[in-house]
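Now for the letters of each chain:
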Amino acid sequence: MSAKLACIAGATIYRMLKGGHLDAQEPVRKLTPFGLPEPAFLVNNSDAPFYLMPRHGPGLDRPAPWPMNVRANLYALKDLGVEAIVSWSAAGAITHNLHLGQLMLPDDVLDMTRRRPMTMFENCALGFLRQFPVFCDPLREMLADVMVELGLSAQMGGTVAVTEGPRLETPAEVRMLATVGAEVVTHTLAPEVFLARELQMCYAGICYIVNYAETGSRHRPFNVGELFAELRQDQGGKPPTDTAELLPKLLTRLAAKLKQTPPACDCRQSMSEYIKDYDLSENWREWFD
Ligand SMILES: [Zn+2]
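Source: prediction; values computed, not measured.

Conventions used here
Residues numbered from 1 in each chain as written. Predicted model: local features only at pLDDT ≥ 70, side-chain atom pairs only at ≥ 80, totals over all residues. Helix = DSSP H or I, 4+ residues; strand = E, 2+ residues; numbered from the N terminus. Buried ≥ 20, exposed ≤ 12 C-beta atoms within 10 Å, placed from the backbone. Contact = placed C-beta atoms within 7 Å. Core = buried A, V, L, I, M, F, W, Y, C linked by C-beta atoms within 7 Å. Pairing = 2+ DSSP bridges.

Each helix and strand counted, the protein has 8 helices and 10 strands in total. Each of the 289 residues in the protein was classed as buried or not, and the buried ones make up 39%. Summarising the internal contacts of the protein: among those between residues at least 6 apart in sequence, 80% fall at separations of at least 24.

This is how it looks when you write it as structure tokens:
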């Protein structure tokens, strides 16, 4: 049975696979026009399977965020028949309304990245796409419904800033981001969300708060030189909630929901004007020949 849902995340994927709660099949890894993607693990423990794709490998040799091959990863998922992507991103809270361990389902992005490929279509004029809404609203609402069913609370909506990394932001950068309305900051999500639209896929993001973005004030104590210090001090090195452990359950339920009712959205038509105007093939693979 083909899977329609995929989750893209970082090291969380390998933790989930190690946890032994998922029946994941040998990863699929096929060369794409953009190079070799990360492996896609097929989780087949229900009648609604889904894929897990790590953004990077599990070890120390993983790249900084900007050289990650997002285009190959998304092409590979599309090629496998995936129609909807849920992204899991560790994030820092800028607003004081969010606390460690909380989840946020963003509805807007401030893309502050500088070195990443911004389009699947570098050599033609096909990337001129509308970005409102940024994320797939129906998918986000389905995700929120599943969270309620599992007893998880999440902030619905909010702006996430995506910075280049791998370093964290300076106090001046965090204050600037706060001024322009960013509530959380992360190093992932962009350009993924934009590239998913170019491939006519639904995309929703989950931001998992793992630290407080530092503004330079002393209101939130942060030990000098310690990354995610509060997390370690207060929780003995463990995430402050078991939210990450609930992700497999969440994906299983969401996959079942998607199988019953596909999201009522326009994501599958995002390139329809181009297909009409430029007589593009209905077979998306031919766009990249
Ligand atoms: Zn959609």
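Turning to the environment of M271, a few remarks are in order. Its location among the elements puts M271 in the loop between α7 (243-260) and α8 (272-277). Under the C-beta neighbour-count criterion, M271 is labelled buried, with 20 such atoms within 10 Å.

To continue, consider the nonpolar core. Of all hydrophobic cores here, the largest spans 76 residues; its most connected members are L5, A6, Y51, I85, V86 and V184. Counting residues per element, this core draws most heavily on strand β10 (residues 202-212), which supplies 9 residues. Aside from chain neighbours lying at most four places away, what touches V86 is L5, C7, L143, A204, I206, L251 and L254.

A separate point is unusual backbone geometry. At the junction of F132 and P133, the peptide bond is cis and its omega measures out at 0 degrees in the coordinates. For the peptide bond that leads from A190 to P191, omega is 10 degrees, which places it in the cis range. Its identity as a non-glycine residue notwithstanding, L189 has a phi of 85 degrees, on the positive side. Here L189 lies in the loop between β9 (184-186) and α5 (192-198). Unlike most non-glycine residues, D279 shows phi in positive territory, near 55 degrees. Here D279 is to be found in the segment after α8.

Burial analysis of strand β3 (residues 50-54) places 5 of its 5 residues in the buried class, the great majority of the element. The side-chain alternation of β3 yields two buried faces, one formed by F50, L52 and P54 and the other by Y51 and M53. By the bridge criterion, 5 bridges tie strand β1 (residues 5-9) to β3 in an arrangement that is parallel. Across the sheet, A6 pairs through a bridge with Y51, a residue of β3. Two elements, strand β2 (residues 41-43) and β3, share 3 bridges in a ladder whose sense is antiparallel. Pairing of V43 across the sheet is with F50, part of β3.

Let us look at the environment of A48. In this structure, A48 sits in the loop between β2 and β3. For A48, a count of 21 C-beta atoms within 10 Å translates into the label buried. Each C-alpha atom of the pair A48 and A256 lies 5.1 Å from the other, and the pair is 208 residues apart in sequence.

Further remarks concern the pairing of strand β4 (residues 84-93). Along any regular strand the residues' side chains alternate between the sheet's two faces. For β4, a buried count of 10 out of 10 residues is recorded, marking the element as mostly surrounded by other parts of the structure. Of the two faces of β4, both are covered, the one formed by A84, V86, W88, A90 and G92 as well as the one formed by I85, S87, S89, A91 and A93. In this structure, β1 lies alongside β4, joined through 4 bridges in parallel fashion. Bridging across to β4, L5 finds its partner in A84. In the sheet, β4 pairs with β9 via 2 bridges, with the strands oriented antiparallel. The residue bridging A93 from the neighbouring strand is V184, located in β9.

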